[in-house]
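Working through the structure, step by step
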Amino acid sequence: MAEEKHHHHLFHHKEGEDFQPAADGGVDTYGYSTETVVTATGNEGEYERITKEEKHHKHKEHLGEMGAAAAGAFALYEKHEAKKDPEHAHKHKFEEEVAAAAAVGAGGFVFHEHHEKKQDHKEAKEASGEKKHHHFG
């Protein structure tokens, strides 16, 4: 079992192999063109920036959803503990209220990020040049 361990990376470069762009501006050592392509619209950079921002908001929205679920679950747990442990019920009720407030706050964050994602999606459509269809006007 003298096999080498291969680590999976995004670009699968072999150890000791560095990226060397071609000096002639043609093709690099991996077979990709090194020439810059310019398009007529000029909005590709803006479109890519907006879609990247949209993905960022989507990621933050999902994190907020997980936070809201975790806080809600903890609030339910503390409610159960308050019933189970009457000696420390006051402490558990307080922690339940704090967790419930955190869940509501996380829900507000999710709502905000969802709105931001929708706004970026609309801006990306406009930057890509998609035409709006007005059927009633």
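Procedures and definitions
Residues numbered from 1 in each chain as written. Predicted model: local features only at pLDDT ≥ 70, side-chain atom pairs only at ≥ 80, totals over all residues. Heavy atoms only, no water. Helix = DSSP H or I, 4+ residues; strand = E, 2+ residues; numbered from the N terminus. Buried < 20%, exposed > 50% of the residue type's maximum accessible area, 1.4 Å probe, protein only. Contact = heavy atoms within 4.5 Å. Areas by Shrake-Rupley, 256 points an atom, 1.4 Å probe, with all protein chains shown as cover. pLDDT = per-residue confidence, 0-100. Lys, Arg positive; Asp, Glu negative; His and termini not counted. Salt bridge = Lys/Arg side-chain N within 4 Å of Asp/Glu carboxyl O. Polar contact = N/O pair within 3.5 Å; in protein donor to acceptor, adjacent residues only side chain to side chain.

1. Looking at the overall build of the protein chain
The helix and strand tally for the protein chain stands at two helices and zero strands. Counting across all 137 residues of the protein chain, residues that qualify as buried make up 19%. The contacts of the protein chain with a sequence gap of at least 6 include a subset with a gap of at least 24, amounting to 56%. By element, 58% of the accessible surface of the protein chain is carried by carbon and sulfur atoms, the whole surface being about 11,700 Å².

2. Considering the confidence of the model for the protein chain
Here the protein chain shows a mean pLDDT of 79. Residues at 70 or above account for 62%. When the criterion is pLDDT under 50, residues 36-40 qualifies, and its contacts beyond four places in sequence or with other chains add up to one contact.

3. Quick notes on the side chain of Glu78
Checked against the element boundaries, Glu78 lands in helix α1 (residues 44-84). Among buried Asp, Glu, Lys and Arg side chains, Glu78 stands out as unpaired, with Lys91 the closest opposite charge at 6.4 Å. A polar contact of 2.6 Å, which involves the side chain of Glu78, links it to the side chain of His92.

4. Details of the pattern of salt bridges
Taken as a whole, this structure holds five salt bridges when the rule is applied. Here Glu46 and Arg49 are joined by a salt bridge, their closest N and O atoms 2.8 Å apart. Note that Glu46 and Arg49 are positioned in helix α1 at a spacing of three residues, about one turn of the helix. Given a relative accessible area of 41%, Arg49 falls into the partly exposed group. Ionic pairing is found between Glu81 and Lys84, a salt bridge with its closest N-O pair at 3.6 Å. One end of the pair, Glu81, and the other, Lys84, are both in helix α1, three residues apart, so they sit about a helical turn from each other. A relative accessible area of 56% means that Lys84 is categorised as exposed. Salt bridges sharing partners connect three or more residues here, namely Glu46, Arg49 and Glu53.

5. Some details on the environment of Val110
Structurally, Val110 is set in helix α2 (residues 89-128). Here Val110 falls in the buried class, since its relative accessible area comes to 14%. If near-sequence neighbours (up to four positions away) are discounted, Val110 is found in contact with Glu61, Gly64 and Glu65.

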